[in-house]
Amino acid sequence: MPFVEGLCENVTAPTMLSWTTASVSIVLCVLTVPGNLFICLIIIRDPYRELKTPFNYFVLNLSAADLIIGAVTEPAFIVYHIREALAYPVMENIWIVHLTYFVSCCASLLSLSALTIDRYLTAVSLYKRSLTSQKVFLISAFIWIIASSIPVLYFYTGFYMCAFVFANTAVIATFAIVVFSYIHIYWKLRCQIRRWGILRHSFVQKKAMYLEKHLTKAFLLILSFFIIFNVPACVMIYVINLCDSSCNCELIHWFRDVQFLLTLLNCSLNQILYAFRMPDFRRAFWKLLKCSRLFDYELNWHSFPESSTPVAVNGGSFKVVEELQLYSLGLINNSFEQSKKDSNC
């Protein structure tokens, strides 16, 4: 019968699996905690006074969620699986591991959705879009309220059913938001490239085509990692929930741990995909490491000479760099203070 509650909980997991999961969790903890802690410190201290923007506050919320994963969830996994490998009783405290996993991962996925939507709305807006810090904090608080409500579902349905609902809501919804937003932003950029070609702004068009390549590469990188780690995890959750009591318990234990680790690995990579790929973050990072003499330089826009020459587009004037940075989504450059009065494409 599908959706069997407590499936294989009374069957001991293979010792090799427990040690393997504990070892991988230790590596993920070492990778996740320092990087996300640095991101939080970089945004809070902001040595160059350029990172306190609405987009970066969403990145801060994402890093805080991932930091909790590295500081709470993964250590709980380590302790649990070491005790499991040593044949100590573990089931009485399993709810701690499950709750920290669901709350932190849900907050991470919702934060990822929020910053993606923010970039999408900024890109398609016809005018300068102003999102105050107060609104960002309210949205972030709402994200944590939703994530914190998962324990209600967990205690009502049990782990496997809660994981099934989590896979069909948070994971799939985040995937749909990322795909929808990036496709529309790419389409918007293509429209601008065609318009600049018609208006014979060759310098602007050249920059836009250069950015298009990097934007496409960034999108494919983000989407590839999301698919590689989350799709197999969702498939494993489906298999576990649709399996009956006659299923091989060793296989169930392997699926349980691997889907955990895939989700945690995806969260540990967020710091690279959404923060450290941005020049402003790297610059502030080295500044905080007291390496400012070696790395204290003014970043130009990917080796292009910076220009302040206004470019007339449909009656409005924009700086070349400002107009193009709109479409970087924070993945190439993190400057988003731009005036937009262009008509829809």
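Above this text you will find the structure in question.
Just so we're clear, the structure is a prediction, and the values are computed from it rather than from any experiment.

Asker: How do you make sense of the overall build of the chain when you look at a structure like this?
Answerer: When helices and strands are tallied, the chain shows 11 helices and 2 strands. In sequence order, the chain lays out its α and β elements as α-α-α-α-α-α-α-α-α-α-β-β-α. Counting over 345 residues, the chain shows a buried share of 51%. The long-range share in the chain, meaning contacts at least 24 apart out of those at least 6 apart in sequence, stands at 81%. For the chain, the exposed surface amounts to about 16,400 Å²; the carbon and sulfur share of it is 66%.

Asker: How do you make sense of the pattern of salt bridges when you look at a structure like this?
Answerer: Any two side chains of opposite charge can pair, given that their charged atoms come close. Considering all chains together, one arrives at 3 salt bridges under this definition. The residue R256 makes a salt bridge to E84 at a minimum N-O spacing of 3.5 Å. Here R256 is found in helix α8 (residues 249–276), whereas its partner E84 is found in helix α2 (residues 54–85), with 172 residues between them in sequence. For R256, a relative accessible area of 8% corresponds to the buried category.

Asker: Explain the packing of aromatic side chains here, please?
Answerer: For any pair of aromatic rings, the description consists of the separation of the ring centres together with the inter-plane angle of the planes. Under the counting rule described, the total for this entry stands at 18 aromatic pairs. Centroid distance W95 to F155: 6.4 Å. Interplanar angle 50 degrees. Geometry classified as tilted. Of this pair, W95 sits in helix α3 (residues 94–124) while F155 sits in helix α5 (residues 150–157), placing them 60 residues apart in sequence. Residue class for F155 comes out exposed when judged on its relative accessible area of 55%. Seen from their ring centres, F285 and W286 are 5.2 Å apart, and the 70 degrees between their planes marks the pair as edge-to-face. We classify F285 as buried; its relative accessible area is 16%. Aromatic ring contacts, followed pair by pair, group F77, W95, Y101, F102, Y154, F155, F159, Y160, F166 and F260 into a single cluster.

Asker: For this particular structure, what's the right way to read the environment of I177?
Answerer: Checked against the element boundaries, I177 lands in helix α6 (residues 159–198). Taking the relative accessible area as the measure of exposure, I177 reaches 24% and is therefore partly exposed. Separated by 65 residues in sequence, I177 and L112 place their C-alpha atoms 9.4 Å apart. Not counting residues up to four positions away in its chain, the partners in contact with I177 are S113, T116 and I117.

Asker: How should I be thinking about helix α9 (residues 279–288) in this particular structure?
Answerer: Think of an α-helix as 3.6 residues a turn; residues three or four steps apart then line up on the same face. The buried count for α9 comes to 7 of 10 residues, which makes it a mostly enclosed element. Among the residues of α9, P279, D280, F281, R283, A284, F285 and L288 are the ones counted as buried.

Asker: Hey, could you run me through the side chain of S111 in this one?
Answerer: Looking at the secondary structure, you find S111 in helix α3. Every residue in contact with S111, bar those within four places of it in the chain, is listed here: F58, N61, L62 and I143.

Asker: Looking at this structure, how should I read α8?
Answerer: Spanning 28 residues, α8 covers 41 Å between terminal C-alpha atoms, matching the ideal 40 Å at 1.5 Å per step. Along α8, the helix axis deviates most sharply at L269, where the bend reaches about 35 degrees. Among the 28 residues in α8, 20 count as buried, and that is most of the element.

Asker: How should the environment of T53 be read in this particular structure?
Answerer: Mapping T53 onto the fold places it in the loop between α1 (15–45) and α2. A relative accessible area of 12% means that T53 is categorised as buried. Distance in space between the C-alpha atoms of T53 and I43 is 9.2 Å, their sequence separation being 10 residues.

Asker: What is the right way to look at the packing of α2 against α3 in this model?
Answerer: The relative placement of two packed helices comes down to the angle between their axes together with the axis-to-axis distance. Where α2 meets α3, the axes come as close as 8 Å, and the angle between the chain directions of the two elements is 160 degrees. In this view, α2 runs roughly antiparallel relative to α3, as classed from their interaxial angle. Considering the relative orientation of α2 and α3, their crossing is left-handed. Across the contact of α2 with α3, the residue classes break down as 19 nonpolar, 6 polar and 3 charged.

Asker: Help me understand the environment of I139, please; the structure alone is not making it clear to me.
Answerer: For I139, the location among the structural elements is in helix α4 (residues 133–148). We classify I139 as partly exposed; its relative accessible area is 34%. As for I139 and S111, which are separated by 28 residues in sequence, their C-alpha atoms are 9.2 Å apart.

Asker: What should I look at first to understand unusual backbone geometry in this one?
Answerer: Peptide bonds are trans in most cases, and residues, glycine excluded, mostly fall at negative phi. The phi angle at R49 is positive, at roughly 55 degrees, despite the residue not being glycine. One non-glycine residue, A87, lies in the positive phi region at around 65 degrees. Take A87: it is sitting in the loop between α2 and α3. A relative accessible area of 65% places A87 in the exposed class.

Cut-offs and rules
Residues numbered from 1 in each chain as written. Predicted model: local features only at pLDDT ≥ 70, side-chain atom pairs only at ≥ 80, totals over all residues. Heavy atoms only, no water. Helix = DSSP H or I, 4+ residues; strand = E, 2+ residues; numbered from the N terminus. Buried < 20%, exposed > 50% of the residue type's maximum accessible area, 1.4 Å probe, protein only. Contact = heavy atoms within 4.5 Å. Areas by Shrake-Rupley, 256 points an atom, 1.4 Å probe, with all protein chains shown as cover. Salt bridge = Lys/Arg side-chain N within 4 Å of Asp/Glu carboxyl O. Phe/Tyr/Trp six-rings, centres within 6.5 Å; stacked < 30°, edge-to-face > 60°. Expected span 1.5 Å × (residues − 1). Bend = angle between axes of the 7 residues up to and from the residue. Axes fitted to C-alpha atoms, helices over the stretch in contact; angles between N-to-C directions. Parallel < 35°, antiparallel > 145°, perpendicular 65-115°, else oblique. Left-handed = near helix turned anticlockwise from the far one by under 90°. Nonpolar A, V, L, I, M, F, W, Y, C, P; charged D, E, K, R; others polar.

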